[in-house]
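Single-letter residue listing:
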Amino acid sequence: MEAIIQAKQLCLGYKRTGIVIKNANFSIYPKDFVFISGASGSGKSTLLRSIYGNLPVQAGDLRVMHYNMKRISTHRLAMLRRKLGIVFQDYKLIEDWNVEKNIALPMIINKFPKVEIKTQAEKLLSHINLLHKANKYPLELSGGEQQRVALARAIAHRPRLILCDEPTGNLDDYSSDMIWGLLKSSNEQLNITIVIVTHRIPKHLNLRYRRIEIKEGLVNEYA
Ligand SMILES: Nc1ncnc2c1ncn2[C@@H]1O[C@H](COP(=O)(O)OP(=O)(O)OP(=O)(O)O)[C@@H](O)[C@H]1O
Ligand SMILES: [Mg+2]
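Per an unreviewed UniProt entry, the protein chain is named ABC transporter ATP-binding protein, and its organism is Helicobacter didelphidarum.

Structure representation (C-alpha cells):
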C-alpha cells in the first residue's frame, strides 16, 4: 500500500535552536491511527508543522500524499492543505467568526455548496453537543468547547488526513471522550488517517493504533 506520509532521513530544525529531528524514517499508511509522544520540547509540534508544510525540510525527504515537501510551491501547498484537517495546540479559531462559521471554514475554502455547508455544520455541532452555541463567538466558549469546535472544523470537509496537536491537553473527561469518539469514528467509518500528538494514550477506546516516540531527536516506533 502506498504511504500517505513518508519520511526518509528527514531532518528538521530552526536557525536558532539547531537540529530538532535527526534522520527520521517512518511511513504512515491510509487509515492508520498514529500517536506521537515525547517529552516537552522533543519536537512533536515541529514534526506536525513539517507535515502541514509550515516548516521547511532541512535534509532528507518528506512526502505527504503525492507532494514532495522539500520544494512545494505555494499553489501545491494550498492544494495539499485542502486534503488535510488540523487541530493546533492553541486551537486557532477565528475570533470574529461565530462557532458555526468557524466549522464551515474548510468547506467554504473547498467550495462546498451552501446547503451542504449548512447541513454538515449543523450535524457536527450536534455531534459535539454545541448546537445551542452555534451563534456564539470562540471567546464566549470554555477551553473544552473551543477544542471541540476546532476538531469539528478539522473534520468538516472530510479530509484524508487529520493532524492533531494535543487535542485533549487540559480537557475534562466529558470533552476529551467526545473528541476521542469523533476521531475514532472518523478513522473507522470515514477511513480518515489520524496523526495525534498526545501525552496520554486513551486505553478505553479499543483503538488499533501505532505509537511513534521522539527522544533526543530520534523518531522510533514502538509496538
Ligand atoms: N519557532 C521556533 N523557533 C525556534 N525554535 C523553536 C521554534 N519552535 C520550537 N522550537 C524549538 O524546537 C524544539 C522542539 O519544539 P516543539 O515545539 O516541536 O516541541 P514539542 O515536543 O511540541 O513540545 P510540547 O510538548 O511542549 O508542545 C524546542 O527546543 C523548541 O524550543
Ligand atoms: Mg508541541
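## Comments concerning the sheet that holds strand S4 (residues 59-64)
Pairing is antiparallel across the open sheet formed by four strands, whose spatial order is S2-S1-S4-S5. The sheet terminates laterally at strand S2 (18-28) and strand S5 (67-68), the two strands that pair on one side only. Bridge count for S4 against S5 is two bridges, and the pairing is antiparallel. Counterpart to Arg63 in the pairing with S5 is Asn68. Contacts from helix H1 (residues 44-51) reach strand S1 (5-14), S2 and S4 within the one sheet, and its direction differs from that of S1 by about 120 degrees.

## Focus on the site of ligand 1
Every one of the 13 residues lining ligand 1 counts as a neighbour, but Thr17, Ser40, Gly41, Lys44 and Thr46 are closest to it. Between Ser45 and ligand 1, the recorded distance is 2.8 Å, taken from a side-chain N or O atom to an oxygen atom. Within the side chain of Gln89, an N or O atom sits 2.9 Å from an oxygen atom of ligand 1. Relative to its unbound accessible surface of 640 Å², ligand 1 loses 64% to contact with the protein. Tallying contributions element by element places H1 first for the shell around ligand 1, with four residues. Its residues placed into classes, the shell around ligand 1 shows three nonpolar, eight polar and two charged.

## A word on the coordination of the magnesium ion (ligand 2)
Ligation of the magnesium ion (ligand 2) by protein atoms is provided by Ser45 (OG) and Gln89 (OE1), these donors lying 2.0 to 2.6 Å from the ion. Taken together, the positions of Ser45 in helix H1 and Gln89 in the loop between strand S6 (84-87) and helix H3 (99-109) put the pair 44 residues apart, joining distant regions of the chain. Relative accessible area serves as the criterion here: at 47%, Gln89 is assigned to the partly exposed category.

## Here's the deal with the confidence of the model for the protein chain
Taken as a whole, the protein chain shows an average pLDDT of 94; of its residues, 100% reach a score of 70 or greater. At the low end of the mean pLDDT range in the protein chain sits helix H6 (residues 173-190), at 91; at the high end sits S4, at 98.

## Things to note about the sheet that holds S6
With mixed pairing, the six strands of this open sheet are ordered in space as S6-S7-S8-S3-S9-S10. Each having just a single partner strand, S6 and strand S10 (218-222) make up the two edges of the open sheet. Averaged over all pairs of adjacent strands, the angle between strand axes in this sheet comes to 15 degrees, irrespective of strand direction. Pairing between strand S3 (residues 33-37) and strand S9 (residues 210-215): four bridges, direction parallel. Counted as the bridge partner of Ser37 is Glu213 from S9. H1 contacts S3, S6, strand S7 (161-165), strand S8 (193-197) and S9 of the sheet and is inclined by roughly 150 degrees relative to S7.

## Re the packing of aromatic side chains
Remark: the centre distance and the inter-plane angle together describe each pair of aromatic rings, the angle taken between the planes. Applying the stated criterion across every chain, the model contains four aromatic pairs. The residue whose ring lies beneath Lys101 is Trp97, and the NZ or CZ to ring-centre distance is 4.2 Å.

## Observations regarding the nonpolar core
Counting residues in each nonpolar core, the largest one holds 38 residues, and the members touching the most others are Ile103, Ile128, Val149, Leu151, Leu183 and Ile196. Listing elements by their share of this core, those giving two or more residues are S3, H3, helix H4 (114-127), helix H5 (143-155), S7, H6 and S8. It is H5 that contributes the most residues to this core, six residues altogether. What Leu183 contacts, discounting residues up to four positions off in sequence, is Phe33, Leu151, Ile162, Cys164, Ile194 and Ile196. Counting 35 residues, the second largest nonpolar core, distinct from the first, contains Ile4, Leu48, Tyr67 and Leu80.

Conventions we followed
Residues numbered from 1 in each chain as written. Chains lettered and ligands numbered in written order. Predicted model: local features only at pLDDT ≥ 70, side-chain atom pairs only at ≥ 80, totals over all residues. Heavy atoms only, no water. Pairing = 2+ DSSP bridges. Helix = DSSP H or I, 4+ residues; strand = E, 2+ residues; numbered from the N terminus. Contact = heavy atoms within 4.5 Å. Axes fitted to C-alpha atoms, helices over the stretch in contact; angles between N-to-C directions. Near = heavy atom within 4 Å. Polar contact = N/O pair within 3.5 Å; in protein donor to acceptor, adjacent residues only side chain to side chain. Areas by Shrake-Rupley, 256 points an atom, 1.4 Å probe, with all protein chains shown as cover. Nonpolar A, V, L, I, M, F, W, Y, C, P; charged D, E, K, R; others polar. Donors = N, O, S within 2.8 Å, 3.2 Å for Na, K, Ca; no water. Buried < 20%, exposed > 50% of the residue type's maximum accessible area, 1.4 Å probe, protein only. pLDDT = per-residue confidence, 0-100. Phe/Tyr/Trp six-rings, centres within 6.5 Å; stacked < 30°, edge-to-face > 60°. Lys NZ or Arg CZ within 6 Å of the ring centre and 35° of its normal. Core = buried A, V, L, I, M, F, W, Y, C linked by side-chain atoms within 4.5 Å.

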